[in-house]
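These are the residues of each chain, in order.
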Amino acid sequence: MVDGPEDLYGVDSDVPDLTGTVLLHNFEGFMDAGSAGRLVAEHLLETLEHRVVARFDADRLVDYRARRPTMTYLTDHWESYTAPEIAVHLLHDTEGLPFLLLTGPEPDREWERFTAAVGTLIERWGVRLAVGFHGIPMGVPHTRPLEVTAHGTRPELVRDYRQVFNRLQVPASISALLEFRLGESGLDAMGFAAHVPHYLSHASYPAAALSLLDAVERATGLHLPAEGLRQAKREADSEIERQVAESDDIADGVRALERQYDSFADAAGRNMLAEPGAPIPTGDELATQFEQFLAEQGRDDT
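Residues numbered from 1 in each chain as written. Predicted model: local features only at pLDDT ≥ 70, side-chain atom pairs only at ≥ 80, totals over all residues. Heavy atoms only, no water.

Asker: Can you tell me about the overall build of the protein, naming the residues and giving the values?
Answerer: Assigned secondary structure in the protein consists of eight helices and ten strands. Looking at the 302 residues of the protein, the share that counts as buried comes to 44%. Relative to all contacts within the protein whose residues are 6 or more apart in sequence, the contacts with residues 24 or more apart total 79%. (Helix = DSSP H or I, 4+ residues; strand = E, 2+ residues; numbered from the N terminus. Buried < 20%, exposed > 50% of the residue type's maximum accessible area, 1.4 Å probe, protein only. Contact = heavy atoms within 4.5 Å.)

Written as structure tokens, this is what we have:
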């Protein structure tokens, strides 16, 4: 007998009525420039009271040899083991409104069964909207407004956002597949990708996390705390400015990106990926560049 999607998780027996709530989701393992999505998820869990209401079977979903969990050795014995956890947390915003947050490592296997399992939880709890969020590296300077790309299962969900890309093929992620499968089922789902300056993509970049938090708030109607991220942004911005001031090479690179950004800022529907002084790339050229980057990310994860 083949297991059904419900066999992938266990659910708390004491879950309140969640009809009309939203499900946020962020998974570790594919791409998250500036750790933008991770910072949002960690910020919410650190700031708001929460409890686990559903836990997935990590033994079935995670490849332990590809991403080995951490153990702590103390003097002459193993003191602890940090097991991977893929779980749905129940939180309440600052106005007391409940919402759900699904976090954990991106499953390595059983993607179709996993997305179907999340779908059964969405139907079980009456979730009205699922929202994913992460960061992507872009050729933009940190001194200019940070943009967010939005995508969704209905055009109405993302009509307030400028679309940077047209058609491109990229390595799949569980968040993208979840959004796609929910859309096929007629459910509302969307995602946000914060544009992170490529030279900051491997560092924690709270400014991108704040942009994601704002986008999530506007899409869901939730009231989410932001002060912790604002303080982290102030500290990060100060450190970035210090490094720029101390390095002529970095400063020259930022100024070049500023000139490029300013030149293209008024060209609706264009992307800021060209080298300074180069002609504005076509949509196909932009798609090719982004596909190549994501393909390299996919190879790094193997």
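Asker: Can you tell me about the packing of aromatic side chains, naming the residues and giving the values?
Answerer: The final tally for this structure, using the stated rule, is five aromatic pairs. Ring geometry for Y73 versus W78: centroids 5.1 Å apart, planes at 75 degrees, classification edge-to-face. Judged by relative accessible area, which is 48%, Y73 ranks as partly exposed. A relative accessible area of 55% places W78 in the exposed class. One aromatic cluster is present, formed by Y9, F27, F56 and F114 through successive ring pairs. (Phe/Tyr/Trp six-rings, centres within 6.5 Å; stacked < 30°, edge-to-face > 60°.)

Asker: So, the environment of I174: which residues are in play, and what are the values?
Answerer: Relative to the assigned elements, I174 resides in helix α4 (residues 174-184). Put simply, I174 and G29 are 145 residues apart on the chain and 9.7 Å apart in space, counted from C-alpha to C-alpha. Residues contacting I174, with those up to four places away along its chain left out, are F27, E106, P107, W111, F114 and T115.

Asker: How would you explain a nonpolar patch on the surface if you had to name every residue and give the values?
Answerer: A contiguous nonpolar patch, built from M71, Y73, W78 and Y81 and spanning about 490 Å² of accessible area, is present on the exposed surface. Of all the secondary-structure elements, those providing two or more residues to the nonpolar patch are β4 (70-74) and β5 (77-82). Its place among the elements puts M71 in strand β4. Given the relative accessible area of 43%, M71 is considered partly exposed. (Patch = residues over 30% accessible without salt bridge, like charges linked within 9 Å, V, L, I, M, F, W, Y side chains within 5 Å. Areas by Shrake-Rupley, 256 points an atom, 1.4 Å probe, with all protein chains shown as cover. Salt bridge = Lys/Arg side-chain N within 4 Å of Asp/Glu carboxyl O.)

Asker: Can you tell me about helix α1 (residues 36-47), naming the residues and giving the values?
Answerer: Counted at 1.5 Å a residue, the expected span for α1 with its twelve residues is 16 Å, and the 16 Å between its end C-alpha atoms agrees. Along α1, the positions that sit buried rather than exposed are A36, G37, L39, V40, A41, H43 and L44. (Expected span 1.5 Å × (residues − 1).)

Asker: Kindly report on the pairing of strand β10 (residues 189-197), identifying the contributing residues and their values.
Answerer: Taken across its nine residues, β10 has nine buried, putting it largely inside the fold. Both faces of β10 are covered, namely the face carrying A189, G191, A193, H195 and P197 and the face carrying M190, F192, A194 and V196. Examined bridge by bridge, strand β9 (residues 148-152) and β10 share five bridges and lie antiparallel to one another. Pairing of H151 across the sheet is with G191, part of β10. (Pairing = 2+ DSSP bridges.)

Asker: With reference to specific residues and values, describe the nonpolar core.
Answerer: Membership of the largest hydrophobic core comes to 42 residues, with the highest contact counts inside it found for L24, L44, F99 and F192. By residue number, the principal contributor to this core is helix α5 (residues 206-220), which donates eight residues. Excluding residues within four positions of it along the chain, F99 makes contact with T21, V22, L24, L44, L48, H89, L90, L91, H92, D93, L222 and L224. Grouped together as the second largest cluster of nonpolar side chains are 28 residues, A58, L61, L90 and W125 included. (Core = buried A, V, L, I, M, F, W, Y, C linked by side-chain atoms within 4.5 Å.)

Asker: If you had to explain unusual backbone geometry to someone new, which residues and values would you point to?
Answerer: Phi angles above zero are rare outside glycine, and S35 is one such case at about 50 degrees. With respect to the element layout, S35 can be found in the loop between β2 (22-28) and α1.

Asker: Tell me about the sheet that holds strand β3 (residues 50-56), and please be specific about residues and values.
Answerer: One open sheet accounts for eight strands, arranged β1-β3-β6-β7-β2-β8-β10-β9; its pairing is mixed. One side of each edge strand has no neighbouring strand; the edge strands of this open sheet are β1 (9-11) and β9. Sheet twist, expressed as the mean angle between neighbouring strand axes with direction ignored, is 25 degrees. The sheet contact formed by strand β6 (residues 87-92) and strand β7 (residues 98-105) spans six bridges and is antiparallel. When the sheet's bridge partners are listed, L90 is paired in β7 with L100. Seen against the sheet, α5 touches β2, β8 (129-138), β9 and β10 and runs at an angle of roughly 155 degrees to β10. (Axes fitted to C-alpha atoms, helices over the stretch in contact; angles between N-to-C directions.)

Asker: Provide a residue-level description of helix α7 (residues 248-264), including the pertinent values.
Answerer: Given 3.6 residues per helical turn, the α-helix brings residues three or four places apart onto the same face. Here α7 is 17 residues long and its end C-alpha atoms lie 24 Å apart, about the 24 Å a rise of 1.5 Å per residue gives. For α7, the set of buried residues is A251, V254, A256, L257, E258, Q260, Y261 and F264.

Asker: Can you tell me about the environment of E227, naming the residues and giving the values?
Answerer: When you line up the elements, E227 lands in helix α6 (residues 227-246). Separated by 17 residues in sequence, E227 and L210 have C-alpha atoms that sit 9.6 Å apart.

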